[in-house]
Amino acid sequence: MGCLGNLVWFVFGGAASGLSWVLAGCLWCASIAGIPVGLQCFKIAGLTFFPFGKEVRYGGGLGSFFLNMIWLLISGLPLALGHLIWALFWFMTIVGIPFGLQQLKLAKLALMPFGTEVC
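The model shown is predicted, which means the values in this text are computed figures rather than measured ones. In this convention, every chain numbers its residues from 1, walking through the sequence in written order. This being a predicted model, a pLDDT of at least 70 is required before a residue's local features are given, and a value of 80 or more before pairs of side-chain atoms are given or counted; all residues contribute to the totals for chains, interfaces and linings. To obtain the side-chain values, all non-hydrogen atoms of the structure were included, while hydrogens and water were left out.

Some words on the nonpolar core
At step 1: We define the nonpolar core as a collection of buried residues of types Ala, Val, Leu, Ile, Met, Phe, Trp, Tyr and Cys that are connected through side-chain atoms lying within 4.5 Å of one another. Burial classes: relative accessible area under 20% of the type maximum marks a residue as buried, over 50% as exposed, and values in between as partly exposed (1.4 Å probe, protein chains only). Residues Trp21, Cys41, Trp71, Leu79 and Leu109 are the most contacted members of the largest nonpolar core, which totals 21 residues.
At step 2: Starting at the N terminus, helices and strands are each numbered in turn, a helix being any DSSP run of H or I of at least four residues and a strand any DSSP run of E of at least two. Here this core takes six residues from helix α2 (residues 35-49), the largest share from any one element.
At step 3: Not counting chain neighbours up to four residues away, the residues in contact with Trp71 comprise Trp21, Trp28, Val37, Cys41, Gly76, Leu79, Ala110, Leu111, Pro113 and Phe114. Note on contacts: a residue pair qualifies if any of its non-hydrogen atoms lie within 4.5 Å across the two residues.

Spelled out as structure tokens, the structure:
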């Protein structure tokens, strides 16, 4: 399902979701202090474009926690909400359930992107 799922995903919403992460990365990179956050957004955009066959592991320490709190207030909630809306659309059909699950995975990642590892 990986290759075919990624292709269908990209055409029917993955490109829009990935571009939202790219936009967030560009906005964060507008300031020097935000460049590390912007680079993380670009990494997550790659996952968002093609999520099938990839797993996200959560971890991190106290620094990741504080960075996630700042992220959550500024960019995390709008991105997570966008992924949740896409998930609701995908869950309307039985065929779309695997795609909705990917959107939920990305919504969780949108809330806590720092200290995560994509495998």
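On we go.
Overview of the packing of helix α1 (residues 2-28) against helix α4 (residues 97-111)
At step 1: Note on method: axes are straight lines fitted to C-alpha atoms, helices fitted across the in-contact stretch only, with angles between N-to-C directions ranging 0 to 180 degrees. Contact geometry of α1 with α4 gives a least axis separation of 11 Å together with a crossing angle of 25°. In terms of orientation, α1 and α4 fall into the roughly parallel class. Crossing hand, α1 versus α4: right-handed. Between α1, through Gly5, Val8, Trp9, Ser17 and Trp21, and α4, the contact on the second element is made entirely by Phe99, Gln102, Gln103, Leu106, Leu109 and Ala110. Note that the term roughly parallel is reserved for angles under 35 degrees, roughly antiparallel for angles over 145, roughly perpendicular for angles of 65 to 115, and oblique for everything else. Rotating anticlockwise by less than a right angle from the far helix to the near helix defines a left-handed crossing, while the corresponding clockwise rotation defines a right-handed one.

Section: the packing of aromatic side chains
At step 1: For this analysis, a ring pair means two rings from Phe, Tyr or Trp (six-membered ring only for Trp) whose centres lie within 6.5 Å, classed as stacked if their planes differ by under 30 degrees, edge-to-face if by over 60, and tilted for the remaining angles. With the rule as written, the count across this model stands at nine aromatic pairs.
At step 2: Ring geometry for Phe52 and Phe99: centres 5.3 Å apart, planes at 80°, overall edge-to-face. You can see Phe52 sitting in the loop between α2 and β1 (56-58) and its partner Phe99 sitting in helix α4, a full 47 residues away along the chain. Phe99 shares its class with Phe52; the two are buried.
At step 3: When the centroid spacing of 6.0 Å and the interplanar angle of 80° are considered together, the rings of Trp71 and Phe114 count as edge-to-face. Placement of Trp71 in helix α3 (residues 62-90) and of Phe114 in the loop between α4 and β2 (116-118) is noted, with a sequence separation of 43 residues between them.
At step 4: A residue is classified by how much of its surface remains accessible, and Phe114, at 8% relative accessible area, is buried.
At step 5: Taken together, Trp9, Phe52, Trp90 and Phe99 form an aromatic cluster joined through their ring pairs.

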